[in-house]
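Here are the chains, one letter per residue:
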Amino acid sequence: MNTITDLPLANSHASSHVAKAMQSVQAAVAHAEADPQRPVYHFLPPANWMNDPNGPIYYDGWYHLFYQHNPYGDDWGYMHWGHARSRDLVHWEHMPIALPPAYEAGEEHVYSGCARVNGSGELLLVYTSVKKGTREDRPNNEQWAARPLDAELVTWERHPANPVLALETHGGPAFHKDWRDPFIFSADGRNFLVLAGDTDEMLEVALYEAVDDSLTRWHYCGPLVREPRDARRRFLECPNFVQIPPSEPGGEAKWILLTSPYSCVEYTTGRFDPSTLAFTPEQHGILDAGQNDVPNFYATNFLDDTDGNCVLLGWARGFEKGRGWNGALALPRLLTVGPDGKPRQQPLPALRSLRGVQISLRPFAVENGSMVVPGVSGDALEIQATLRLEPPEESGLRMKKAAAAGLRVRSSGDGHRGVEIRWDGARLSVAGCSVDLPAEVGSELTLDIFLDKSLLEVFANGGRVAMTRVVHAPAEDLAVEVFSEQGTTYVDRIDVWKMKGIW
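Note that the structure is a prediction, hence the values are computed from the model and not measured. (Residues numbered from 1 in each chain as written. Predicted model: local features only at pLDDT ≥ 70, side-chain atom pairs only at ≥ 80, totals over all residues. Heavy atoms only, no water.)

1. Observations regarding the pattern of salt bridges
Opposite charge on two side chains permits pairing when their charged atoms draw close. Going by this rule: The rule for a salt bridge is simple: a side-chain nitrogen of Lys or Arg has to be within 4 Å of a carboxyl oxygen of Asp or Glu. Helix and strand definitions here come from DSSP, where helices need a minimum of 4 consecutive H or I residues and strands a minimum of 2 consecutive E residues; each element is numbered from the N-terminal end. Partly exposed residues are those whose accessible area sits between 20% and 50% of the maximum for their type, while under 20% is buried and over 50% is exposed, using a 1.4 Å probe and protein chains only.
This structure, assessed with the given rule, holds 37 salt bridges. With its nearest N and O atoms 3.4 Å apart, the salt bridge here joins aspartate 200 to lysine 177. Placement of the pair is aspartate 200 in the loop between strand 10 (190-198) and strand 11 (202-210) and lysine 177 in the loop between strand 8 (156-158) and strand 9 (178-187), with a sequence separation of 23 residues. Aspartate 200 gets classed as partly exposed once you look at its relative accessible area, which sits at 41%. Residues joined by salt bridges that share partners form a network here, namely Asp178, Arg180, Asp181 and Glu237.

2. Some thoughts on the pairing of strand 31 (residues 455-460)
Note the threshold: For two strands to be treated as a pair, DSSP must find at least two bridges joining them.
The buried fraction of strand 31 amounts to six of the six residues, a majority that puts the element mostly inside the structure. Here strand 31 shows two buried faces, one formed by Leu455, Glu457 and Phe459 and the other by Leu456, Val458 and Ala460. Pairing between strand 30 (residues 444-452) and strand 31: six bridges, direction antiparallel. Directly across from leucine 447, in strand 31, lies its bridge partner alanine 460. Counted between consecutive antiparallel strands, the loop separating strand 31 from strand 32 (residues 465-470) contains four residues, among which asparagine 461 sits at a positive phi close to 50 degrees.

3. As for the sheet that holds strand 5 (residues 107-117)
Selection criterion: What counts as an axis is a line fitted to C-alpha atoms, over the stretch in contact for a helix, and the angles between N-to-C directions run from 0 to 180 degrees.
The four strands are arranged 5-6-7-8 in an open sheet whose pairing can be described as antiparallel. In this open sheet, the two strands that pair with only one neighbour each are strand 5 and strand 8. Averaged over all pairs of adjacent strands, the angle between their axes in this sheet comes to 30 degrees, without regard to strand direction. By the bridge criterion, six bridges tie strand 6 (residues 123-131) to strand 7 (residues 141-148) in an arrangement that is antiparallel. Counterpart to threonine 128 in the pairing with strand 7 is glutamine 143.

4. Comments concerning the sheet that holds strand 14 (residues 254-260)
Read across the open sheet, the four strands follow the order 13-14-15-16; overall the sheet is antiparallel. Looking at strand neighbours, the two that pair on one side only are strand 13 (237-244) and strand 16 (278-286), the edges of this open sheet. Mean inter-strand twist for the sheet, computed between neighbouring axes without regard to direction, equals 25 degrees. Where strand 13 lies against strand 14, six bridges are found, and the strand directions are antiparallel. Paired with glutamine 243 across the bridge in strand 14 is tryptophan 255.

5. Considerations on the packing of aromatic side chains
Which entries qualify depends on this criterion: Each Phe, Tyr or Trp ring, with Trp reduced to its six-membered ring, pairs with another whose centre is within 6.5 Å; inter-plane angles below 30 degrees give stacked pairs, above 60 give edge-to-face pairs, and intermediate values give tilted ones. A ring is scored as having a charge over it whenever the NZ atom of a lysine or the CZ atom of an arginine sits within 6 Å of its centre and within 35 degrees of its normal.
In this structure the tally under the stated criterion is 23 aromatic pairs. Within the aromatic cluster, the residues linked to one another by ring pairs are Phe185, Phe192, Phe241, Trp255, Phe272 and Phe279. The lysine or arginine in question, arginine 317, covers the ring of tyrosine 298, its NZ or CZ lying 4.4 Å from the ring centre. Between the NZ or CZ atom of arginine 408 and the centre of the ring of phenylalanine 483, over which it lies, the distance is 4.4 Å.

6. What about unusual backbone geometry?
Asparagine 162 connects to proline 163 through a cis peptide bond whose omega is -5 degrees. Tracing the backbone shows proline 163 in the loop between strand 8 and strand 9. Even without a glycine there, the phi angle at aspartate 60 is positive, about 55 degrees. Following the sequence through the fold, aspartate 60 ends up in the loop between strand 1 (48-59) and strand 2 (62-70). In this structure aspartate 60 comes out as exposed when scored by relative accessible area, which is 61%. Its identity as a non-glycine residue notwithstanding, leucine 153 has a phi of 60 degrees, on the positive side. Structurally, leucine 153 can be placed in the loop between strand 7 and strand 8. By relative accessible area, which is 2% here, leucine 153 ends up buried.

Shape is all these values report; function is a separate question.
Written out as structure tokens, the structure is:
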């Protein structure tokens with residue numbers, strides 16, 4: 001694995017902080033790479049902690065990814081912005097850490113944010129700067145920008161216009177709990193920014209507009225959304241607001257707001273009128289179903305790829321501490337909106353370049369039991385399958401309809417152990433977490449499953465449902481099984497690929 005590049009670091013005070021941080025990461029690499037549970041085709045740092053993806057952008061021939069990173073351990077703390085680049089959003093090259101805290105300016109953490117090119121062609125990283133010390137009535141945050149000092153985007157400096165937003169002068173409410181996570185978007189040739197803020201009673205996604213194209217001066221426009229605080233939804237972290245294309249030709253594009261409210265990522269789709277700055281919600285729901293207390297998919301971000309697709313990124317979390325690494329990037333997803341106004345999530349087509357040896361099975365039935373898929377063994381796989389609880393009429397088969405069916409990955413091969421993906425015609429359950437999935441025509445379920453050691457992502461029925469789960473299994477459990485409960489399950493097809501690593 002490429003741990004750091006050999007790109008030179010400028011001789012600056014900031015680079016001394018970068019060098020120290022990277023030495024710490026390098027010291028943990030051997031421990032991290034020795035862990036058999038560590039994913040091989042999902043992006044992660046060379047070692048230590050990762051959380052939110054930050055500032056993804058295509059710039060000068062490269063996709064750049066920044067991310068929340070603790071270079072000093074595999075738990076949260078000492079927030080820096082890590083950095084990597086890619087030609088295809090699949091294979092990655094680690095870069096030197098981009099932003100350590102500006103300790104000399106009193107900065108303690110570099111929190112989440114975005115990247116944008118301003119009207120002068122200057123690339124900016126815009127983020128929440130967290131200062132040392134406390135204030136009694138307001139969060140100790142400001143919104144800052146940084147700019148590169150070289151064409152390779154190795155060395156960065158804080159922008160002289162900082163803070164680009166401060167609570168004392170932002171023109172909005174006196175947020176006194178928290179205020180962070182800037183995200184810039186454009187509409188009708190105007191530049192806007194959303195930030196999460198809150199008070200004792202209310203949660204808000206605050207809307208700002210740029211005063212000029214420098215993107216360093218903003219004014220408060222009002223709330224994009226505002227709602228009461230409750231015990232579960234305590235803050236609308238990492239707000240993203242973009243327009244997404246339709247999933248079908250001739251469909252209508254919609255605006256989507258994503259928030260991470262200390263529980264599963266929530267979406268709201270609807271219409272946004274830039275002339276009135278009004279967002280009219282139409283559909284609301286959970287983007288990636290999972291456990292609300294510790295959702296395994298969290299803290300989203302967006303970028304546009306070179307084909308004009310809207311690419312969704314998210315943090316895969318919930319791994320064990322003490323392994324020298326913690327956190328990964330969920331697989332990049334194409335995000336569209338269906339005719340029902342609900343999002344569709346599809347794995348990035350470029351991920352097919354990771355496919356190795358393929359094993360395929362065509363129509364067969366499993367009756368009231370389980371069957372090991374022959375020739376398949378592994379913990380880094382992509383599996384596509386189409387299941388029916390009863391056979392299609394053209395098959396001529398007459399079978400008792402199964403009560404439920406599915407697959408087990410990381411299976412012991414004897415039906416006793418495995419990570420279960422179960423469907424009963426109404427609900428889909430992945431590793432113990434369930435979501436409604438009404439039966440489609442013909443009681444058919446299509447699955448695209450990505451297993452990467454301890455990380456599992458499942459896309460069902462054309463991306464109508466996506467589920468991310470962190471899983472644990474004995475090292476020897478490498479089989480894949482198909483099972484059927486209380487009847488016969490008809491399997492149209494199963495295709496399995498062994499997946500290559502991305503480094």
